[in-house]
Amino acid sequence: MSRYINPMTDFGFKYIFGREESKPFLIDFLNCLLHDEPEFDTIVDLVYLDKEKSRSRRKERGVIYDIHCTSSNGRQFTVEMQNSGQAYYIDRMIYYASKAIVDQGKTGPDWQYRYNPVYVVSFMNFVHDMFGDELRTDAALCDLKTKKPISDKLRYIFIQLPLFRKVSPEECVSDMDRWYYVFINMKNMETMPFTQENRLFSRLADMASYANLSPEDKLAYDADLKAYRDIMGQLSFAEARGIEKGIEKGRLAAVAEMVFEMDKEGIPIGQIARLVKMNVDEVGRMLGRLRAE
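Everything numeric here is computed off the predicted structure, so don't read it as measured data. (Residues numbered from 1 in each chain as written. Predicted model: local features only at pLDDT ≥ 70, side-chain atom pairs only at ≥ 80, totals over all residues. Heavy atoms only, no water.)

This structure, assessed with the given rule, holds 1 cavity of 30 Å³ or more. A volume near 30 Å³ is recorded for the largest cavity. Residue lining of the largest cavity: Pro-7, Ile-16, Phe-17, Trp-179, Val-182, Phe-183, Met-186 and Leu-204, and that is the complete set. Ranked by the residues each element gives to the lining of the largest cavity, the list is headed by helix 4 (residues 175-185), at 3 residues. Considering only residue class, the lining of the largest cavity consists of 8 nonpolar, no polar and no charged. (1 Å grid on protein atoms, 1.4 Å probe; cavity = no way out; pocket = protein on both sides within 12 Å on 5 of 7 lines; lining within 4 Å. Points joined across faces, edges and corners; volume = space filled by probe spheres on them. Helix = DSSP H or I, 4+ residues; strand = E, 2+ residues; numbered from the N terminus. Nonpolar A, V, L, I, M, F, W, Y, C, P; charged D, E, K, R; others polar.)

Another aspect to go through is the pattern of salt bridges. Applying the stated criterion across every chain yields a total of 11 salt bridges. One salt bridge connects Asp-10 with Lys-14, and the closest N-O pair in it is separated by 3.5 Å. Of this pair, Asp-10 and Lys-14 both sit in helix 1 (residues 10-17), 4 residues apart, roughly one helical turn. Residues Glu-20 and Lys-23 are paired through a salt bridge, measuring 3.1 Å at the closest nitrogen-oxygen approach. By relative accessible area, which is 12% here, Lys-23 ends up buried. (Salt bridge = Lys/Arg side-chain N within 4 Å of Asp/Glu carboxyl O. Buried < 20%, exposed > 50% of the residue type's maximum accessible area, 1.4 Å probe, protein only.)

This next bit is on the layout of surface pockets. Here the largest pocket is characterised by a volume of approximately 430 Å³. Along its surface, the largest pocket is lined by 17 residues, and Glu-37, Pro-38, Tyr-119, Asp-152 and Arg-155 are the ones closest to its centre. Considering each element in turn, the lining of the largest pocket owes the most residues, 3 residues, to strand 6 (residues 136-140). The class makeup of the residues in the lining of the largest pocket is 9 nonpolar, 1 polar and 7 charged.

As enumerated under the stated definition, the model contains 23 aromatic pairs in all. When the centroid spacing of 5.5 Å and the interplanar angle of 80 degrees are considered together, the rings of Tyr-89 and Phe-126 count as edge-to-face. Here Phe-126 lies in the loop between strand 5 (118-124) and strand 6 and Tyr-89 lies in helix 3 (residues 89-102), a separation of 37 residues in the sequence. Overall, the relative accessible area of 2% leaves Tyr-89 in the buried class. Since its relative accessible area comes to 11%, Phe-126 is described here as buried. Between Tyr-210 and Tyr-221 the ring centres are 5.9 Å apart and the planes differ by 55 degrees, which places this aromatic pair in the tilted class. Here Tyr-210 is found in the loop between helix 5 (199-207) and helix 6 (215-264), whereas its partner Tyr-221 is found in helix 6, with 11 residues between them in sequence. Note on accessibility: Tyr-210 and Tyr-221 belong to one class, buried. What links up through ring pairs into an aromatic cluster is the set Phe-13, Phe-17, Phe-29, Phe-123, Trp-179, Tyr-181, Phe-183, Phe-194 and Phe-201. Residue placement shows Arg-19 over the ring face of Tyr-15; its charged tip is 3.7 Å from the ring centre. One residue, Lys-153, lies across the ring of Tyr-115, its end atom 5.7 Å from the ring centre. (Phe/Tyr/Trp six-rings, centres within 6.5 Å; stacked < 30°, edge-to-face > 60°. Lys NZ or Arg CZ within 6 Å of the ring centre and 35° of its normal.)

Here it is, written out as structure tokens:
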């Protein structure tokens, strides 16, 4: 058993970011994430929203965990962890944000559609084709021609964790680097780094220690860790099978090209079969498909 809990599990993610006791960690992370933004007001407090909204949806591929909260300065945040890609992933992010906006609506003629800004922050334990090789992608409503924002009410921040390239604590020079490094590596660490740079990491070391969990929390964490390992094992197997199928598909394409060229040269089908180490019937079916194309 690792010394620290794994923050990429349901239990670990909520334990580190989603409880009253761990609120300072989420505040510090969000302030690090957003501090470079113009006119950003430092978050000093958060209120966690309806716990029914903050749930793990185990039936969805990838095991998704999310936390919903609002800051003292009015911003609403959905912070989520997803361990693999899924169909309509970006659409789901848009749906999250839209629902958070709609939930702020009020009845009656006096409401004039003034609502608090909504941020969706997504930890991605995978790489999405849409975002290329960017560790962090920020999206907002903007003018397509000038690229200037037309509203500050809606923001999406996508973090592709596999693209964080710093492999040692010494390479991490900013608090944002330190949070990324700890989040990715905590499950394998023997000691918590950065305790001199940020006292919160000392508190995190104590709170996230497996040995310090209550017996009930240990049972809950062990169950979630098993679920996480199961699905990551399934994803690894599926990826390996996909690679194997891709290699086989490439080999068959090369063979098909050879067969087609030899047939055009008038080489007898029996000789072609011997050269490509296939039986005559298989070569015949291949040629039939190739001629039809």
